[in-house]
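Spelled out, the chains give:
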Amino acid sequence: MATQRTTTKTPKNPAPDPVEPACQPCGGTGNVAITVRVGRKRRPVGQQDGLCLNCLGSGTDPYA
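Now for a quick tour of the structure. No experiment lies behind these values; they were computed from the predicted model shown.

### Topic: the environment of T60
- Note that T60 resides in the segment after β2 (43-51).
- Judged by relative accessible area, which is 26%, T60 ranks as partly exposed.

Listed below in structure tokens is the structure:
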């Protein structure tokens, strides 16, 4: 009968966790500023937060 090993080998250099690059338009936040326009002449009156269409709010670059 074979003897069982009681120790386990650990990897010498564990691989680092891959870091996903941040989305360029939103900078990784998932939100972008969208201009609010009003009136017949479509004057800009302010900005509001909108969903980043490049990453759809995930904050990571889909083409990395």
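The discussion continues.
### Re unusual backbone geometry
- In this model, R42 sits at a positive phi of 55°, which is unusual for a non-glycine residue.
- Its location among the elements puts R42 in the loop between β1 (31-38) and β2.
- You can call R42 partly exposed: its relative accessible area is 46%.

### Comments concerning the environment of R43
- Secondary-structure assignment places R43 in strand β2.
- In this structure R43 touches V36, R37 and V38, once residues within four positions along its chain are discounted.

### A short note on the pairing of β1
- In this structure, β1 lies alongside β2, joined through eight bridges in antiparallel fashion. Paired with T35 across the two strands is Q47, which belongs to β2.
- A loop of four residues connects β1 with β2, the two strands running antiparallel in sequence, and G39 in this loop sits at a positive phi of about 85°.

About the criteria used
Residues numbered from 1 in each chain as written. Predicted model: local features only at pLDDT ≥ 70, side-chain atom pairs only at ≥ 80, totals over all residues. Heavy atoms only, no water. Helix = DSSP H or I, 4+ residues; strand = E, 2+ residues; numbered from the N terminus. Buried < 20%, exposed > 50% of the residue type's maximum accessible area, 1.4 Å probe, protein only. Contact = heavy atoms within 4.5 Å. Pairing = 2+ DSSP bridges.

By themselves these figures say nothing about function.
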